[in-house]
Amino acid sequence: MPAVTRSTPIDRLMRPVHRWVWGDVDRRVRKLLTFADVETDGGRDILRAAEVTPDPLLRRLYLEHAIDELRHGELFRRRGAALLRARSTGRKVLFNGNPLPGGHGLDDLQIEGEADHRLLAFLHIAEKAAAGRFASSRDLVDDAPPTRAIFEEILRDEVFHMNYTYTQLARVSPTLYRRHVWRARASRLWRRYLRVAAMVAGLFGAVVLTILYFILLPPFAWLAKRAERREPPGWTPISRERGASPTSQY
Ligand SMILES: [Fe+2]
Ligand SMILES: [Fe+2]
């Protein structure tokens, strides 16, 4: 199994965008806080997995894993807060120019009703993605040794998570573990595709509606203005016949 930490092809493709994100203090803070949220949420979900699993060894490992993720969240949050305090610019609003997702993949985690083999396969894929993403991020923050040190530390944990989930998956499902990993990978890809497709559809809808607004609205506005010009100003007298009612005494 792959134990080394390498960026995924998508991460390598997105490297200019990652560089752009990490190249600005505001975006860097934003990204660290996003990582913090995803890690903390993932930690809570894995804590839930420790509660529901019937396997005593997995319960202990999930518990350690959850503690790691919660600590990662805390490390990211503290670093983001420290950067925020040290920021000397007068800008009051953080520009949310971060087009990248949280990075860990644990944000898609489902615990309830999931068998351990499915959960382990999902966790293995998510941890591998996280390790690749954090390795890439670590290389982009060379100018900030404290941030880089945090990535180094977290990366070691993510590699451990990636490895233990694979080993445990092979233990609980010795004959089908490879198939479970492939299924988890396909499911993750599908979710990523749906996320991107929804984003593109939203963007496309906004562009089309804007174009329609500028193409369809001007003729109606012109017709309304022309009708207004033809309308005589002030009160308009009506004929007596129109005011007569055949059924009322008034
Ligand atoms: Fe983590
Ligand atoms: Fe992890």
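Please refer to the structure higher up on the page.
In this report, the structure presented in the accompanying data block is examined. Bear in mind that the values here come from a model prediction, so they are computed numbers and not experimental data.

1. Observations regarding the coordination of the iron ion (ligand 1)
Coordination sphere of the iron ion (ligand 1), protein contribution only: Glu39 (OE), Glu69 (OE), His72 (ND1) and Glu158 (OE), at 1.9 to 2.3 Å. What the four donor atoms of the iron ion (ligand 1) show is an angle range of 82 to 147 degrees at the metal, which sorts the shape as irregular. A gap of 3.3 Å separates the iron ion (ligand 1) and the iron ion (ligand 2), which Glu69 links by coordinating each metal. Placement of Glu39 in helix α3 (residues 25-52) and of Glu158 in helix α6 (residues 145-172) is noted, with a sequence separation of 119 residues between them.

2. Re a nonpolar patch on the surface
Together, Leu203, Phe204, Val207, Val208, Leu209, Ile211, Leu212, Ile215 and Leu216 make up a nonpolar patch on the protein surface, roughly 880 Å² of accessible area in all. On the secondary structure map, Val207 appears in helix α7 (residues 177-230). Val207 gets classed as partly exposed once you look at its relative accessible area, which sits at 44%.

3. Focus on the packing of helix α2 (residues 15-22) against helix α5 (residues 116-140)
Packing of α2 against α5 leaves a shortest axis separation of 10 Å and a crossing angle of 55 degrees. On the basis of their axis angle, the class for α2 and α5 is oblique. The handedness of the crossing between α2 and α5 comes out as right-handed. Contact residues: α2 offers Arg15, His18, Arg19 and Trp22, while α5 offers Arg133, Ser136, Ser137, Asp139 and Leu140. Residues that form the contact of α2 with α5 fall into these classes: two nonpolar, three polar and four charged.

4. Regarding the nonpolar core
Within the largest apolar cluster, 22 residues are counted, with the highest numbers of intra-cluster contacts made by Ile46, Tyr62, Leu109, Leu119, Leu123 and Leu169. Those elements that provide at least two residues to this core are α3, α4 (56-86), α5, α6 and α7. Dropping the residues within four chain positions of it, Leu109 is found in contact with Gly42, Asp45, Ile46, Leu119, Phe122 and Leu123. Core analysis: the second largest hydrophobic core is formed by 19 residues, Leu75, Phe76, Ala135 and Val141 among them.

5. Describing the packing of α5 against α7
The geometry of α5 relative to α7 is characterised by a closest axis approach of 8 Å and an angle of 60 degrees between their N-to-C directions. With respect to α7, the axis of α5 lies oblique. Remark: the crossing between α5 and α7 carries right-handed chirality. Residues His117, Ala121, Phe122, His124, Ile125, Ala126, Lys128 and Ala129 of α5 touch α7, and the partners they reach there are His180, Val181, Ala184, Arg185, Arg188 and Arg191.

Calculation notes
- Residues numbered from 1 in each chain as written.
- Chains lettered and ligands numbered in written order.
- Predicted model: local features only at pLDDT ≥ 70, side-chain atom pairs only at ≥ 80, totals over all residues.
- Heavy atoms only, no water.
- Donors = N, O, S within 2.8 Å, 3.2 Å for Na, K, Ca; no water.
- Tetrahedral: all angles 85-135°; square planar, octahedral: opposite > 155°, others 65-115°.
- Helix = DSSP H or I, 4+ residues; strand = E, 2+ residues; numbered from the N terminus.
- Patch = residues over 30% accessible without salt bridge, like charges linked within 9 Å, V, L, I, M, F, W, Y side chains within 5 Å.
- Areas by Shrake-Rupley, 256 points an atom, 1.4 Å probe, with all protein chains shown as cover.
- Salt bridge = Lys/Arg side-chain N within 4 Å of Asp/Glu carboxyl O.
- Buried < 20%, exposed > 50% of the residue type's maximum accessible area, 1.4 Å probe, protein only.
- Axes fitted to C-alpha atoms, helices over the stretch in contact; angles between N-to-C directions.
- Parallel < 35°, antiparallel > 145°, perpendicular 65-115°, else oblique.
- Left-handed = near helix turned anticlockwise from the far one by under 90°.
- Contact = heavy atoms within 4.5 Å.
- Nonpolar A, V, L, I, M, F, W, Y, C, P; charged D, E, K, R; others polar.
- Core = buried A, V, L, I, M, F, W, Y, C linked by side-chain atoms within 4.5 Å.

Remember that the coordinates give geometry; whether it matters functionally is a separate question.
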